[in-house]
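Here's the letter readout for the chains.
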Amino acid sequence: MTNLLTYEVTDGIAVLTVDSPPVNALGYDVRKSIVDGFEKASADVDINAIVLICKGRTFFAGADIREFGTEPKFPILPEVIATIESSPKLTIAALHGTPLGGGLETALACHYRVALATTRVGLPEVKLGLLPGAGGTQKLPRLTGIPSALEIITSGRQIKSGEALKLGIIDKVCIGDDLSGEAIAFAKELVYQNAARTLVSERNEKTAEHQGQAEIYDAFRAKNSKRFRGFKSVENIIKAIQASADLPYKQGLKRERELFSQLLESRDATAQRHVFFAERETGKIPDIPKTTPVRPINNVGIIGAGTMGGGIAMNFLNAQIPVILLEKKQEALDHGISVIRQNYQRSVKGGRMSEEALEACMKLITPSLDYADLSSVDLVIEAVFETMDIKKTVFSTLDTVVKKGCILASNTSYLDINEIAESTSRPQDVIGLHFFSPANIMNLLEVVRGEKSDPEVVNTGMRLAKKIMKTPVLSRVGWGFIANRVMKVRSYQTDNLILQGINPETIDKVIYDYGFAMGPIAVKDLVGLDVIGRDSGERTVESVLVSMERLGQKKNGGYYDYDKNRQRVLSPIAMEVIKDIAQEKGIEPVPADEGEILARLLYPVINEGAKVLDEGIALRSSDIDIACIKGYNWPVYQGGPMFWANTIGLKKVLGKLQEFEQRFGEAFTPSPYLVRLVEEGKEF
Ligand code: 3HC
Ligand code: NAI
């Protein structure tokens, strides 16, 4: 037996405790330990029951994701599960933390499950482009019924103990927090009562009622078609769940295995695995160790109650952190506060929030017109107009009122944080905290490290992000930081393609088919052409459309016309404007097929990413992937631009960029870093 498992016996109950930090993932050593432990206990005539429990943060948090894509080492998880299920003893899983995926499947192999009140179970394989491949799709429906299983496995959500008990996934919730003590007592009681030893696999009362009902799966597909678009694993999950109702258990298990194997090496699974580890990597900063102190953030000041200030405030209110929201004028302040309330009211209406929670959040905001009110806050985030002079005035004023050690952050999209920092006497306390719109919804937070930012301040920003449910990505100072900079080149190319006569609908289709929720032109219309074209000063398609009062969806349509259901058709007026501007600029039509359109829109993003890396703005290519996924909804199953580039092959990407450079000029000039990688046969 490996030393990952401790074997103890109490009054005829064998307690098998696994300890494999950080999350007891079911890697080879863990699997082997479980098999050895069960074989030993099963062979001992003095043992009446076996309790399987883990030490540390959590019961097994699933298969060891690092092993996917490597040669399987036996025993594999289905064999571990078969060993547990073949034990003649009564078996009990004692659950704490997050028993997920293979962890929950292991628990479902036991006769009974007991959990702490704080435990959250789930089958999140869909988030890795997979399906539960060790019996989860066959067993969960047997406990919860088909409709709940469809919802739980396709969403991958975590279920708290109370709900898991109601759904039948667990059998008992502990009263206190002595999981091991309560699990042993539960085991003794079950032995004393000679409780049934029915395996989940032997139950079919909940699945039988849906046998042969293909229509429920079709209805589920139709209802969720928008959410599931592009995700290959979802279809396999639905098929596997259907097998749990339509086939005997063993055949269902075989079907699950086939469907699992189809996904294991798929594009989606490799990309989503990359994203899983990339997301965890963003928090690691080579020269700022984890032990770096973190400043406490117990209250926050926000300057500017506009689009961003209001959204940023909501993040802190949701995390129960009080906010002082400061504006220049009472009217703007009142408006900002009322927008926050309206946003919460929408959540209440949609059943995602209670009235009480809404009022509790609103109580945490203090409106203010006076900088002196910020004297005791731990952090200030500035979200005023994007003008250097205004920002500098705000920061120098803050410098005179906030306490020592207060962190001063700017939400600027493009301005130089170092220059802003120099307007204070404490540049070491200044960073960028760059949120993405809508700030209460988008998950990305770029933490911008200025030349003089104290590592403690940077570390606090990174940790704070997690507290407000954002994914932090570290950026150095540079125009547009990471996500805006790399995505901006897609906008330039969109405009060029339109002027070269490519139908805007085709451009939107190409990007939608790639996996984005909307094409770039539909997005322009949604955001508002007046907002998009702001500050350009040039005569462009957008400036002309705005001068015609065509602002997009909000007024008279933009590139498209909209009916009352927001269905769009390309606007003949917009097409005329495009033609006129192209003529004025002397741009000739250049036909391109969909493959070329995609390459011309997205290869420059890869190229810009290479420049961002070369300049040291981003720490690693996977940070750029996360920034695009979390900030711009880059389709997760493509893995982000840099991962996608690797899957295409950098040589091919470079070749295309060189071809486009010849045809269309320097916007496509390859980054020297990309050229170097190709020469050295490397990847991002
Ligand atoms: N395999 C390998 N490593 C894992 C892992 C797993 N299943 N789960 C977490 N880790 C690693 C993380 O990479 C991280 O490593 P690092 O410190 O070196 O960066 C470390 O454990 C801690 O993870 P987190 O930072 O995510 O810790 P949290 O406390 O925030 O979250 C968690 C814990 C909720 C368990 C979260 O890590 C998680 O969601 N893990 C994945 C769970 C999952 O998807 N399980 C299903 C796997 S697929 C499967 O089981 C297939 C089966 O059906 C056959
Ligand atoms: P906005 O125009 O909606 O809001 C700015 C607010 O700041 C206004 O309410 C204004 O009254 C207030 N304000 C101006 N000067 C002030 C001062 N001296 N003191 C107090 N309040 C003052 O602008 P928005 O869109 O919220 O942008 C704010 C900042 O966030 C800008 O730097 C912008 O670049 C950045 N940003 C914007 C994003 C967006 O999508 N709108 C995304 C990410 C960052």
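Residues numbered from 1 in each chain as written. Chains lettered and ligands numbered in written order. Predicted model: local features only at pLDDT ≥ 70, side-chain atom pairs only at ≥ 80, totals over all residues. Heavy atoms only, no water.

Points about the site of ligand 1
- The full set close to ligand 1 counts 24 residues, and Arg57, Glu105, Glu125, Arg280 and Lys284 are the nearest of them.
- The separation between an oxygen atom of ligand 1 and a polar main-chain atom of Gly102 is 2.8 Å.
- Expressed as a share of its isolated accessible area of 990 Å², the protein-covered part of ligand 1 is 76%.
- Secondary-structure elements contributing two or more residues to the shell around ligand 1 are α3 (102-108) and α13 (267-281).
- Element by element, the count of residues in the shell around ligand 1 is highest for α13, at 3 residues.
- In terms of residue class, the shell around ligand 1 is built from 13 nonpolar, 5 polar and 6 charged. (Near = heavy atom within 4 Å. Polar contact = N/O pair within 3.5 Å; in protein donor to acceptor, adjacent residues only side chain to side chain. Areas by Shrake-Rupley, 256 points an atom, 1.4 Å probe, with all protein chains shown as cover. Helix = DSSP H or I, 4+ residues; strand = E, 2+ residues; numbered from the N terminus. Nonpolar A, V, L, I, M, F, W, Y, C, P; charged D, E, K, R; others polar.)

Concerning the packing of aromatic side chains
- What the rule picks out here adds up to 18 aromatic pairs.
- Measuring from centroid to centroid gives 6.3 Å for Phe436 and Tyr632, while their planes differ by 70°, and the two rings are edge-to-face. Taken together, the positions of Phe436 in the loop between β14 (430-435) and β15 (444-449) and Tyr632 in helix α27 (residues 621-632) put the pair 196 residues apart, joining distant regions of the chain.
- Put simply, the rings of Tyr514, Phe516, Tyr603, Trp634 and Trp644 touch in pairs and so form one group of aromatic residues.
- Positioned over the ring face of Phe276 is Arg280, at 3.8 Å from the centre of the ring. (Phe/Tyr/Trp six-rings, centres within 6.5 Å; stacked < 30°, edge-to-face > 60°. Lys NZ or Arg CZ within 6 Å of the ring centre and 35° of its normal.)

Quick look at unusual backbone geometry
- A cis amide bond links Pro21 to the next residue, Pro22, at an omega of 0°.
- Within the element layout of this structure, Pro22 appears in the loop between β2 (13-18) and α1 (28-43).
- Note the cis peptide between Phe74 and Pro75, where omega equals 5°.
- Looking at the element boundaries, Pro75 is found in the loop between β3 (49-54) and α2 (77-85).
- You will see that Glu549, though not glycine, has its phi angle at about 70°, which is positive.
- Here Glu549 shows up in the loop between α24 (541-547) and β17 (560-562).
- Given a relative accessible area of 41%, Glu549 falls into the partly exposed group. (Buried < 20%, exposed > 50% of the residue type's maximum accessible area, 1.4 Å probe, protein only.)

Regarding the sheet that holds strand β13 (residues 407-410)
- One open sheet holds the 8 strands; their spatial order is β11-β10-β9-β12-β13-β14-β15-β16, and the pairing between them is mixed. Two strands close off the open sheet at either side, each with one partner strand: β11 (365-368) and β16 (471-476). Sheet twist, expressed as the mean angle between neighbouring strand axes with direction ignored, is 25°.
- The pairing of strand β10 (residues 323-326) with β11 spans 4 bridges and is parallel. Bridge assignment links Leu326 to a residue of β11, and that residue is Ser368.
- Against the sheet, α27 makes contact with β15 and β16, and its axis sits at roughly 125° relative to β16, the strand it touches most. (Pairing = 2+ DSSP bridges. Axes fitted to C-alpha atoms, helices over the stretch in contact; angles between N-to-C directions. Contact = heavy atoms within 4.5 Å.)

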